[in-house]
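Reading the structure
Chain residues, written in single-letter form:
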There are 4 protein chains.
Amino acid sequence: MSKIKVAIIGCGSIANAAHIKSYLANPNAEIMYFCDLIQERADQAVINSGCGKAITDYHIALNDPEIEAVSICTPNHVHAAISIECLRAGKHVLCEKPAARTYAEALEMQKVQHETGLVLNIGVVNRFNTGVNLIKKMIANGELGELYHVYVSFRSQRSIPGLGGAFTTKAIAGGGALIDWGVHFLDIVMYCSGDPIPKTVSGQTYSKLGLDIPNYSYLNMWAGPPNYSGTYDVDDFVTAMIRTKGPTITLNGAWAQNIGVDEMYIDFLGDKAGIRLQYGNDFKVYGAKDGILLETSPSFKSVDMFQNEIDSFLDCIRTGEKLPSHIDTVILSSRIIQGIYDSSELEREIAL
Amino acid sequence: MSKIKVAIIGCGSIANAAHIKSYLANPNAEIMYFCDLIQERADQAVINSGCGKAITDYHIALNDPEIEAVSICTPNHVHAAISIECLRAGKHVLCEKPAARTYAEALEMQKVQHETGLVLNIGVVNRFNTGVNLIKKMIANGELGELYHVYVSFRSQRSIPGLGGAFTTKAIAGGGALIDWGVHFLDIVMYCSGDPIPKTVSGQTYSKLGLDIPNYSYLNMWAGPPNYSGTYDVDDFVTAMIRTKGPTITLNGAWAQNIGVDEMYIDFLGDKAGIRLQYGNDFKVYGAKDGILLETSPSFKSVDMFQNEIDSFLDCIRTGEKLPSHIDTVILSSRIIQGIYDSSELEREIAL
Amino acid sequence: MSKIKVAIIGCGSIANAAHIKSYLANPNAEIMYFCDLIQERADQAVINSGCGKAITDYHIALNDPEIEAVSICTPNHVHAAISIECLRAGKHVLCEKPAARTYAEALEMQKVQHETGLVLNIGVVNRFNTGVNLIKKMIANGELGELYHVYVSFRSQRSIPGLGGAFTTKAIAGGGALIDWGVHFLDIVMYCSGDPIPKTVSGQTYSKLGLDIPNYSYLNMWAGPPNYSGTYDVDDFVTAMIRTKGPTITLNGAWAQNIGVDEMYIDFLGDKAGIRLQYGNDFKVYGAKDGILLETSPSFKSVDMFQNEIDSFLDCIRTGEKLPSHIDTVILSSRIIQGIYDSSELEREIAL
Amino acid sequence: MSKIKVAIIGCGSIANAAHIKSYLANPNAEIMYFCDLIQERADQAVINSGCGKAITDYHIALNDPEIEAVSICTPNHVHAAISIECLRAGKHVLCEKPAARTYAEALEMQKVQHETGLVLNIGVVNRFNTGVNLIKKMIANGELGELYHVYVSFRSQRSIPGLGGAFTTKAIAGGGALIDWGVHFLDIVMYCSGDPIPKTVSGQTYSKLGLDIPNYSYLNMWAGPPNYSGTYDVDDFVTAMIRTKGPTITLNGAWAQNIGVDEMYIDFLGDKAGIRLQYGNDFKVYGAKDGILLETSPSFKSVDMFQNEIDSFLDCIRTGEKLPSHIDTVILSSRIIQGIYDSSELEREIAL
């Protein structure tokens, strides 16, 4: 079987930290193009990988009939457009999260996927995490009884990424803490809870701590350093409440806050048992029986979620199998996120 | 100056643990009546206090012209009726929290207070806590900058009080975790934040873990033991989101949950600084300046909040001064709590 | 501007862990010589750095007119002699701490620095630490009120370095725990306290736990493994009391002790506030006001102190600016250390 | 055998908390007099004890031939005078610690004890503590090897007793933190170390945090509340270094300090093993063998030290046995404390 020829579009941090090394580690794939608007980044990726060709125009890859698959690792504002162009060009697509800046864009992507029948997976990488899958199974098996509430906390004291850059410019990123972090957390909630249909969404977002860029105090900055003359018009705090046909979901999220603790977890509350999942980490199961309260800490081998994600993407290109990260499965959380942003603007709950 | 003659109506746990001993410790008060429907309780209070007379009908006290002040420590369902009767009988009233089962009842109490001009204080005892008052002052002074969000957590793994009894019977208590605990937490929030006018309320309450009374697992039970043939029709979990003219407020509360941590705190998020208050305990202030993140832990003498509450009640009878626990100041949180219960029933947000 | 040409004299652990990589990271410096008596060490440094020439006789570097600056990373016994030789040869010098084995040697170094006017900095690297500088500023600003006492603890259960080697041989190292660790702690104390003039010194040193080299029990050994036939004639415990024109200073230090806790901190006691600095780590400020005790924990970006030290050294070669690590600024702590050793021998306090 | 008739002179906190209840619990003693200058205190002691007679002039007890033994629980300034008067009146004496305000006074007491041959014990109550005695035995048995250093820490953030009262008035108490707390710690050190002869003493005391009585911030106050118009002229911080024929001893002590930790312990450093004793609590033994570091935590029944002290006092009146709390055994620590105060005034070490 010949190798699947791949193009990487966007050679920034997520491409380097996750996609490229996973393709390189998979014997069935070969990266042929590294594309980035910044020539040096593309060149550096070629040097680091020891293969492929550096390009600054992704159409070169789209026009190459050898290319079967594309990883889209660009800023959010071109996710939809490039994904659609790739699909129309006959390429299978793995697009980084969030699917798009808006629900409308995501719907457009889904539509084209349905028309072309090609793979369109989104980088909701937690769906390839062992712990997350164990929780999904436990809930499906009824081990928690009725799941009536999920509380989501993704709060950090100081974690605004690349302040003043693409991450904090709404026109590029679509949003801040909610779309960048919240998308992962909501994705886990929906995935584990069996995709309960949302009924109402109420949310409020705030843009506070990054506004005064030169005076933003922080210890470390991912995708930094700050661009002092850049833009900051996205949310650094979000609170929301979602009613679904299943559990209610409430969340508090902060890229930055004046509370000195980082609380990154999801609580699944069932009437028989409950689970607290530490994001990206382990989880605990809490139950009770005959007057005894039980706390169970499962241990399991950690896996490389990104490797799993890439391996699965490559597999499903061959097999046609629909993956858990298929665009159809993330359209619901995209809708909720849109709802939170809309509700925040209207300052009232909206019914979906 | 002659002593203020006092009657205690209801000689259960809150009367014994707080009211009675505080009156005894105040040199300007004298307890003349201990009233309880259960004769033994009233008798025991007389024996323990070494003063007063045991009665089972509070009208005896109301008809005694010597009595100036009354502490109402009954279950919630008679708070409004007895308070009103006492005021009409010309007595000053300190009524335990919550003011009443419903907002309508609370409004009625307020109306009669306004008509009679007598004291009607509610047992929102945290308003006499040193730490709470320090926080109120800091927020008023602008030390937090703009206060944009408050998150309230009153979640315990197992703390349903008196399962099957008055606390868990809606007709008596008016509700569960929200009205019993939430009233304290919301009161602190409103008090410290300067009583911001609520605009929308959305909430959902659940009655789950206490339903199967004989199989409820727990370690300790306040106001216990369980009454296996009793009633359990109140909320043991509540989630809510409140928009105000000031900060948004979100809360999660649990008398019982299958998550094995007790998280009882309030986060005040400001754009200059933030505070996490551990309920009934100390607090930390988080700020930032010139790239440095600061965490400050004040320590202060602990005070007997109940003693302060009783002392202040007695003082304001003499001085006519309006206390921070006056019925007028708690009517807003009563309205919010009612809103949460209403919203939960309607399964949608309500505008106030 | 051409690069400053540098020679490294002594290619042991401190050269590799700190000096060499900092020069390599500075665009204005170029290492031309790596000198070590052990040829392999010099060769390895060349290979690791990808530049320079390996030599075993440092006079080659001294005779090279291109060389402007020298880092001296040898054992202590040749610090003074080589520093002086370098200065006389017209080179700027950064000499590792301690300046010398004895106060007399340090004075000689200072004298030659004054004569030549060239740079002679000592590796008191904590003066380039953010936290240390914050504390210095707070004390200077009077935020602690009157600083009346400083207590210094540098006590470890088991940390004798290179037992039996250069570190534990008095003729080479000049001393043990006091000169190797104490020099850093005293330097921070003097630097932060504004160099108060010492009046009396009393100390006692002990050489106990390393005496029986083969039977010394330990978990890890820096600069190890032990040389079973080597020498151990230095202090592994020291206690001292210093009166100054400012605060009294007391210290307990242990390279090794039969107490199972590592306590590495400095307490600055002022009458308005106090500070506990955890060595190489963060610090807490303790104050009090209006009956409230305040504990403040600043968080700040950690810096690479060694990089700062080297960068500053290179800068001051160009600018002539006197750095906080100038020989003049460490002569006082050198005098105190000498005083402790002398007092220990005499078994009585000495006046300075 | 008839009961030993006892008089209590001074009915303040130490009498009530320790002496009186211990005599009452001993079947061989009977308290006949409770003496206090404040009549109410004496009366209250009679009421609480259900025996004896309240007096305000202790000479009544001294003139009563039935009285064999006296407990002196007065402020420090009359310890010596009353002890001597009691001995001269033929009474056995148990005098609270410190023996006296000064070494001279203590010597005078010792002299009269030697002349009369009666019992004169001092309230160094830790000598009746199980843990302390275990440590003494271990050191005597050589289990620590050579004991070369003892470090003593009695540092509290806020513990000035009775600010403005007898405790903080030098003419009454003789001193502050050193004489009130240090006497206990030094006593344990001397007792456990086998009373090593002191050679030099150097110390410095400070009177800082209590100076501004109205603005002293604290959480709790023993023997409080503050007397705002009282006197504060004693030490709240002390540091000292003592050379002996055995180990060196260094100490830091604080009744109050701007460091937010309470560290109350004694470290005994031996070359074979070491011990950290938490004052009034348990201790740990640290040793090492064959590359393994050992930490041992002995557990033992806690005893009522005060009961032991009183029981032993009564026994030795009958048997004539010399107790470990005999005046002869505390004269050495009295001398050291005097030396610290003298050295502090002279600002130099003194040879003993």
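Our structure's up above, just so we're on the same page.
Position labels on residues start from 1 in each chain and follow its written sequence. Written order determines the labels here, with chains lettered from A and ligands numbered from 1. It should be noted that, the model being predicted, local features are given only for residues of pLDDT at least 70 and side-chain atom pairs only at 80 or more, the latter also being counted only at that level, while totals for whole chains, interfaces and linings use all residues. Excluding hydrogens and water, the side-chain values take into account all heavy atoms of the structure.

1. Looking at the sheet that holds strand β11 (residues 263–270) of chain A
Residue and element names in this part refer to chain A. Strand order across the open sheet formed by nine strands is β14-β13-β12-β11-β7-β10-β9-β8-β15, with mixed pairing between neighbours. Two strands in the sheet have a free side with no partner beyond their single neighbour: β14 (292–296) and β15 (350–351). For two strands to be treated as a pair, DSSP must find no fewer than two bridges joining them. Runs of E in the DSSP output that reach at least two residues are strands. Runs of H or I that reach at least four are helices, and both are numbered from the N terminus. Two elements, β11 and strand β12 (residues 273–278), share five bridges in a ladder whose sense is antiparallel. Across the sheet, the residue bridging to F268 is I275, located in β12. We call two residues in contact when some of their heavy atoms are within 4.5 Å. A fitted line through C-alpha atoms serves as each axis, taken over the contacting stretch for helices, and the angle formed by two N-to-C directions is quoted from 0 to 180°. Running over the sheet, helix α10 (residues 327–346) touches β8 (198–206), β9 (237–244), β10 (248–254) and β15 and is turned about 55 degrees from β8.

2. Details of the relation of the copies chain B and chain A
Overlaid copies result from least-squares superposition on C-alpha atoms, with residues included only where pLDDT is at least 70 in both. Of the transformation placing chain B onto chain A, the axial shift is 0.1 Å and the rotation is 180 degrees, giving an RMSD of 0.1 Å. Expressed as an axis order, the relation between the two copies is that of a two-fold axis. Across chain B, the smallest distance between a C-alpha and the rotation axis is recorded for B:E349, namely 3.1 Å.

3. Structural notes on the interface of chain B and chain A
Listed as interface residues are 56 residues of chain B and, on the opposing side, 56 residues of chain A. In this description, buried area is defined as the sum, over both parts, of the accessible area (probe of 1.4 Å) that is lost when the two are combined. Counting the surface lost from both chain B and chain A, the interface buries some 4,200 Å², and carbon and sulfur atoms represent 53% of this. Among the residues of chain B in contact with chain A, B:Y148, B:N258 and B:L293 are the three that bury the most area, contributing 16% of the side total. Basic side-chain nitrogens of Lys or Arg form a salt bridge, by our definition, when they fall within 4 Å of a carboxyl oxygen of Asp or Glu. Inspection of the region where chain B meets chain A yields eight salt bridges. Here B:E347 and A:K199 are joined by a salt bridge, their closest N and O atoms 3.1 Å apart. The definition of a polar contact used here is a pair of N or O atoms within 3.5 Å, where within protein one atom must be able to donate a hydrogen and the other to accept one, and adjacent residues in sequence count solely through side-chain atom pairs. The interface formed by chain B and chain A includes 41 residue pairs in polar contact (both at pLDDT 80 or more). Breaking the side of chain B that touches chain A down by element, the ones donating at least two residues are β7 (147–155), β8 (198–206), β9 (237–244), β10 (248–254), β11 (263–270), β12 (273–278), β13 (283–289) and β14 (292–300) of chain B.

4. Digging into the packing of helix α8 (residues 177–193) of chain D against helix α10 (residues 327–346) of chain D
When two helices pack together, you describe them by how their axes are tilted relative to each other and by the distance separating the axes. Residue and element names in this part refer to chain D. Contact geometry of α8 with α10 gives a least axis separation of 9 Å together with a crossing angle of 130 degrees. In this view, α8 runs oblique relative to α10, as classed from their interaxial angle. When the axes of α8 and α10 are compared, the crossing they make is right-handed. Here L178, I179, V183, L186, D187 and M190 of α8 lie close against α10, whose contacting residues are V330, L332, S333, I336, I337, I340 and Y341. The class makeup of the residues in the contact of α8 with α10 is eleven nonpolar, one polar and one charged. Angle categories are assigned with fixed cut-offs, so that under 35 degrees is roughly parallel, over 145 is roughly antiparallel, 65 to 115 is roughly perpendicular, and the rest are oblique. Left-handed describes a crossing whose near helix is turned anticlockwise from the far helix through less than a right angle; right-handed describes the clockwise counterpart. Amino acid classes used here: Ala, Val, Leu, Ile, Met, Phe, Trp, Tyr, Cys and Pro are nonpolar; Asp, Glu, Lys and Arg are charged; the rest, including Gly, are polar.

5. Details of the pattern of salt bridges
Residue and element names in this part refer to chain D. Summed over the entire model, instances satisfying the criterion amount to 72 salt bridges over all chains. Among the ionic pairs, K21 bridges to D304, the shortest N-O distance being 3.5 Å. With a gap of 283 residues between them, K21 in helix α1 (residues 13–25) and D304 in the loop between β14 (292–296) and α9 (305–319) connect regions that are remote in the sequence. Only protein chains enter the accessibility calculation, which uses a 1.4 Å probe; a residue whose area is less than 20% of its type maximum is buried, one above 50% is exposed, and one in between is partly exposed. By relative accessible area, which is 42% here, K21 ends up partly exposed. Here D304 falls in the partly exposed class, since its relative accessible area comes to 34%.

6. Re the packing of aromatic side chains
Only rings of Phe, Tyr and Trp enter the pairing, Trp through its six-membered ring, and a pair is recorded when the two centres are within 6.5 Å. The plane angle decides the type: under 30 degrees is stacked, over 60 is edge-to-face, the rest tilted. Per the stated rule, a full pass over the model turns up 38 aromatic pairs over all chains. Judged by centre distance (5.3 Å) and plane angle (70 degrees), the ring pair of B:F167 and B:W222 falls under edge-to-face. Of the two residues, B:F167 is situated in the loop between β7 and α7 (170–173) and B:W222 in the loop between β8 and β9; the sequence distance between them amounts to 55 residues. Relative to D:Y151, the ring of C:Y151 lies with its centre 5.5 Å away and its plane at 5 degrees, an arrangement referred to as stacked. Here D:Y151 lies in strand β7 (residues 147–155) and C:Y151 lies in strand β7 (residues 147–155), a pairing that spans two chains. For the pair formed by C:Y151 and D:Y151, the shared burial category is buried. An aromatic cluster is defined as three or more aromatic residues linked by ring pairs; in this entry it consists of A:Y151, A:Y265, B:Y151 and B:Y265. A cation sits over an aromatic face here: A:R276 above A:Y265, 3.8 Å from the ring centre. Counted as over-ring charges are cases with an Arg CZ or a Lys NZ within 6 Å of the ring centre that also lie within 35 degrees of the ring normal.

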